[in-house]
Structures are given as C-alpha cells and as structure tokens.
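This is what each chain is made of:
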Amino acid sequence: MITKIEIDETQIEVIPEAYLARDSAIHKAELVTTVEDAFEAQSASTAMHALNEIVKGMEASRKDAKAPALQAGRAIDAIAKDFLASAQTELTRVKRLLGEYQRVEAEKKRKAEAEARRKEQAERAAFEQAERERIQKENAGRTGTLNQDIDKAAQKFDKQVAKIKQDAAQSHAAVTGVKVRTTVKFRVIDEAALMQARPELFTPDDKKIRAALKLTKQIPGLEVWEESNAYA
C-alpha cells in the first residue's frame, strides 16, 4: 500500500581511510604485551586511546549514516498511522459490538446446555423409574421378551434426549469462525482513594494495576469494566 523505498546495499560501505586507521590502532595494541614500567604504560595508553577513537568514531558514523533511514521509517509510520486512523476506529467499534454479541450468545449457549443436561438427567431418572415399574407389572409372568422391551424403551428415550439437545443448540445464534477475547479495562476516577487503598499502584503503573486486577476488581479509585473484542 505504501511506496517501497529501495536501498542499494552496495552504497553502504566503510571508507578505505577508516580501515587504515583501524588497522593502525590494532597494530599499536598488538605491540603491547606487558605493562611493567612507565614506557610500556605510555605505549599501552597510546594504543588504548587509538582504539577508543576508532570505536567512538564508528559509533558516531553509524548513527549519522542510519539517520536518514530512521527518518524515512518514522515518515512511513506516520503515513501508515494517518491512513489507518479512521479504519482502526471503526475496526475497534465493530469488534466491540460483535464481541459483546458473541459473549451474550455464548452465555445463552452455556445456560441452554446446562438446562438441557438438567432436563436430560431428570427425564432419564423419571423414565427409568417408570419403565422399571411398567416392565415389572407387564412381565410379572414372562421373561422371554423382557430384553426387547428394554431395548425399545431405550430407543424411545434416546429420541427424547436428541430433541432436548437440538432445542438447546437452536437457542443461540453466535457467528461461527469468530472468537471472543474479554479484557479488563480501567480508568482512575479518584486518585486520593486509590492512593489510600493501594499506594503501590498510584504511579499509576498499568502493569501493576493489571496484575492487581487479576486478584480483585474492587479497587477504590478505579473504575473497572470488561470489553469483549472479536478476532478471527
């Protein structure tokens, strides 16, 4: 989407004079093998300063050479940020709307499934009790068809359970392929209350506050809420 800047690596190089200065400084340092008297100390000092100048010079040159690229990078970031501003605002808004819808539908699904399990357990218990009583009465004097009766009763009950599960599945309408991530949000509404209750958070440091919110969402001086954002 943004015009690509071509940077030719062959244009980035160290000038020959710099190599000569570096090699000369290294040669001086190689001559220093011991420092046991004033003369050797002076030689070591000279070599150290020469190497230090090479290091400092290259560091300064590196920053100068990289500055245009950094400036171009900042310009690219600014262009991209400006281009995406309105789109990002709308994306955030739609994600929150869809995230909240998904959260509500997920809660409906959870409740529906819990109710379905409750109904299934209740109906299974009632059904099994009724079948035991019926079979005991009808088969008081015969045993040959008892297993067949039990199989038929089980098939009938399985159909009832399938109907309960189908009804539960149809009780919500979440969008498939969309996940929901719920995050805890906050803003400081009373600095004095926050300072008195939790002075270690008064910086206020987002990381410390988020860590504290994992333990409790009831912190004086903070307004805490949750936002659900959808993501693919």
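Residues numbered from 1 in each chain as written. Predicted model: local features only at pLDDT ≥ 70, side-chain atom pairs only at ≥ 80, totals over all residues. Heavy atoms only, no water.

### Let's talk about the overall build of the chain
Put simply, the rule is: Secondary structure elements are taken from DSSP: a helix is a run of H or I of four residues or more, a strand is a run of E of two residues or more, and numbering for both begins at the N terminus. Should any heavy atoms of two residues lie within 4.5 Å, those residues are considered in contact. Residue burial considers only the protein chains on display, and all accessible areas are found by Shrake-Rupley using a 1.4 Å probe.
The number of helices and strands found in the chain is 5 helices and 2 strands. Reading the chain from its N end, one meets helices and strands in the order α-α-α-β-α-α-β. Here the contacts in the chain between residues at least 6 apart in sequence split such that 73% fall between residues at least 24 apart. Carbon and sulfur atoms make up 56% of the accessible area of the chain, which totals about 18,000 Å².

### A few points about the confidence of the model for the chain
Our working definition: Confidence scores per residue from the predictor, reported as pLDDT, run from 0 to 100.
Averaged over all residues, the pLDDT of the chain equals 80, while 77% of them reach at least 70. Mean pLDDT values over the elements of the chain span from 64, in helix H3 (residues 146-169), up to 94, in helix H1 (residues 16-30).

### Some words on the pattern of salt bridges
When their charged atoms lie close together, side chains carrying opposite charge are able to pair. Here is the rule we go by: Salt bridges are counted wherever a side-chain nitrogen of Lys or Arg sits within 4 Å of a carboxyl oxygen of Asp or Glu. Burial classes: relative accessible area under 20% of the type maximum marks a residue as buried, over 50% as exposed, and values in between as partly exposed (1.4 Å probe, protein chains only).
Taken as a whole and judged by the stated rule, the model has 9 salt bridges. Between Glu90 and Arg93 there is a salt bridge; the shortest N-O distance is 2.7 Å. Placement of both Glu90 and Arg93 in helix H2 (residues 38-138) is noted, with a separation of 3 residues, approximately one turn of the helix. Since its relative accessible area comes to 39%, Glu90 is described here as partly exposed. For Arg93, a relative accessible area of 43% gives the class partly exposed.

### Focus on the nonpolar core
To keep things clear, this is the line we draw: Only buried residues count toward a nonpolar core. Its members are Ala, Val, Leu, Ile, Met, Phe, Trp, Tyr and Cys residues joined through side-chain atoms within 4.5 Å.
Within the largest apolar cluster, 8 residues are counted, these being Phe186, Leu194, Leu201, Ile209, Ala212, Leu213, Ile219 and Leu222. For this core, the element with the highest residue contribution is helix H5 (residues 206-213), accounting for 3 residues. Residues in contact with Leu194, not counting those within four places in the same chain, are Val188, Pro199, Leu201, Ile219, Pro220, Gly221 and Leu222.

### Examining the layout of surface pockets
Applicable threshold: Cavity: a set of points on a 1 Å grid over the protein atoms alone where a 1.4 Å probe fits but cannot get out. Pocket: an open set with protein on both sides within 12 Å along at least five of seven lines, its lining residues, like those of a cavity, having an atom within 4 Å of a point. Grid points are joined across faces, edges and corners, and a volume is the space filled by probe spheres set on the points. By the convention adopted, Pro, Cys, Tyr, Trp, Phe, Met, Ile, Leu, Val and Ala count as nonpolar, Lys, Arg, Asp and Glu as charged, and the other residues, Gly among them, as polar.
Estimated volume of the largest pocket: approximately 480 Å³. Forming the boundary of the largest pocket are 18 residues, of which Glu13, Val14, Met58, Ser61 and Ala65 lie nearest the centre. Those elements that place two or more of their residues in the lining of the largest pocket are H1 and H2. The leading source of residues in the lining of the largest pocket is H2, at 9 residues. Among the residues forming the lining of the largest pocket, the class breakdown is 12 nonpolar, 2 polar and 4 charged.

### Structural notes on a nonpolar patch on the surface
The criterion, for reference: The residues that make up patches have over 30% relative accessible area and no salt bridge, and they are joined within 9 Å when like-charged or within 5 Å when they are Val, Leu, Ile, Met, Phe, Trp or Tyr.
A surface patch of nonpolar side chains, about 660 Å² in accessible area, is lined by Met1, Ile2, Ile76, Ile79, Phe83 and Leu84. With respect to the helices and strands, Met1 occurs in the segment before H1. Using a relative accessible area of 97% as the deciding quantity, one classes Met1 as exposed.

### So, H5
Stated precisely, the cut-off is as follows: Here the arc refers to the set of directions running from the helix axis out to each C-beta atom.
For H5, every residue scored as buried is listed here: Ile209, Ala212 and Leu213. The buried residues of H5 occupy an angular sector of 100 degrees when the element is viewed end-on, so they sit on one face.

### Some remarks on the side chain of Glu105
Rule in force here: Throughout this description, a polar contact denotes any pair of N or O atoms lying within 3.5 Å of each other; where both atoms belong to protein, one of them has to be capable of donating a hydrogen while the other can accept it, and for residues adjacent in sequence the pair is counted only when both atoms sit in side chains.
Mapped onto the secondary structure, Glu105 falls in helix H2. Separated by 3.1 Å, the side chains of Glu105 and Lys108 make a polar contact.

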